[in-house]
Amino acid sequence: MNLENLTTEKRNMNTMNLDQLSVKEALVRMNEEDQKVAIAVKEALPEIEKVTVQIIDSFNKGGRLIYMGAGTSGRLGVLDAAECVPTFGVSPEMVQGLIAGGEQAMTIAVEGAEDSKELGKQDLIDLDLNDTDFVVGIAASGRTPYVIGGLTYAKEIGAGTAALSCNKGAEISQYAETAIEVDAGPEFLTGSTRLKSGTAQKLILNMLSTISMIGIGKVYGNLMVDVKPTNEKLVERSKRIIMEATGCDYGTAEAYFIKADENVKLAIVMLLTECSKAEAEEKLIKGNHFIKNTISN
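First, a word on what this report is: a plain description of the structure on this page. All values derive from a computational prediction rather than experimental measurement.

Concerning helix α3 (residues 71–88)
Then comes step 1: Taking 1.5 Å per residue as the helical rise, α3 with its 18 residues ought to reach 26 Å, and the 26 Å between its terminal C-alpha atoms agrees with that figure.
Then comes step 2: Listing the buried residues of α3 in full gives Ser73, Gly74, Leu76, Gly77, Asp80, Ala81, Cys84, Val85 and Phe88.
Then comes step 3: Two residues or fewer after α3 comes Gly89, characterised by a positive phi angle close to 65°.

Thoughts on the packing of helix α8 (residues 250–259) against helix α9 (residues 264–273)
Angle between the axes and distance between the axes: these two values describe a pair of packed helices.
Then comes step 1: Contact geometry for α8 and α9: axes closest at 8 Å, N-to-C directions at 115°. With respect to the hand of their crossing, α8 and α9 are arranged in right-handed fashion. Along the contact surface, α8 presents Thr252, Tyr256, Phe257 and Lys259, while α9 presents Val264, Ala267, Met270 and Leu271.
Then comes step 2: Its residues assigned to classes, the contact of α8 with α9 shows six nonpolar, one polar and one charged.

Quick look at the sheet that holds strand β1 (residues 65–69)
Then comes step 1: Spatially, the five strands line up as an open sheet ordered β2-β1-β3-β4-β5, and their pairing is parallel. Bordering the open sheet on either side are β2 (95–99) and β5 (178–181), each of which pairs with just one other strand. With direction set aside, neighbouring strand axes in the sheet form an average angle of 20°.
Then comes step 2: With six bridges joining them, strand β3 (residues 134–139) and strand β4 (residues 160–165) adopt parallel strand pairing. Residue Val135 lies in a different strand from β4, and its bridge partner there is Thr161.

The rules behind the values
- Residues numbered from 1 in each chain as written.
- Predicted model: local features only at pLDDT ≥ 70, side-chain atom pairs only at ≥ 80, totals over all residues.
- Heavy atoms only, no water.
- Helix = DSSP H or I, 4+ residues; strand = E, 2+ residues; numbered from the N terminus.
- Expected span 1.5 Å × (residues − 1).
- Buried < 20%, exposed > 50% of the residue type's maximum accessible area, 1.4 Å probe, protein only.
- Axes fitted to C-alpha atoms, helices over the stretch in contact; angles between N-to-C directions.
- Left-handed = near helix turned anticlockwise from the far one by under 90°.
- Contact = heavy atoms within 4.5 Å.
- Nonpolar A, V, L, I, M, F, W, Y, C, P; charged D, E, K, R; others polar.
- Pairing = 2+ DSSP bridges.

Shown next, in the form of structure tokens:
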């Protein structure tokens, strides 16, 4: 295995003397390196846009978004998938994260798991992957066998595929329809891809999930109208969202929140169109689940 040509494995000439810096100096140097990440992600926006459009198309066909990776890359995929459930009110099946080695690998490294192409394939088989689904393979190095195995299988059955790596000319790019390659330069701490590479991946996963959810009607204005009120904070946030979307007062928002059986989107449509819950449900179906489409219906 030859890693010397990978940017993520090279030594950073700006941090060669880390062990000699004061805490303040090290923090300043790290912050300077982190600022390079967003600039690098910006350069990949055309590819990120292409992938996002494909994910929206997959969702509209009833497909799922599947992230897969090993180590930090896998954990970030699992995190982004998990956060889609409360934020956008989707089922846990709609966006899923796979990590080499399974759930235990979220906290403890599973030796050898990322080196198995067969494991990547099998994990997708176990999910009953089909041609309406979309798979995003994530690997900072761009060479993880687990991801390559998954992407290869996904393409074989006709699922959409994208590769996300932090090296140019990444190996996994060859196995996906669209390659997102972000080069933010060598890590602050040599080879520690949980740092700049992980930040770049987190930014891009945020984009893929958030913008695709906007694309299927999960947002009104800039409000998360499909939020699940699963705790006291989210219940209060739900009422505030209703107030912001309709201009009503707190008491009205609370009343309609209850009338709508704690469904924020329904409550908003009921208020904006002065209709019953049943009528609001019908309007949303006709409007393809976009609130903006119900106002003129």
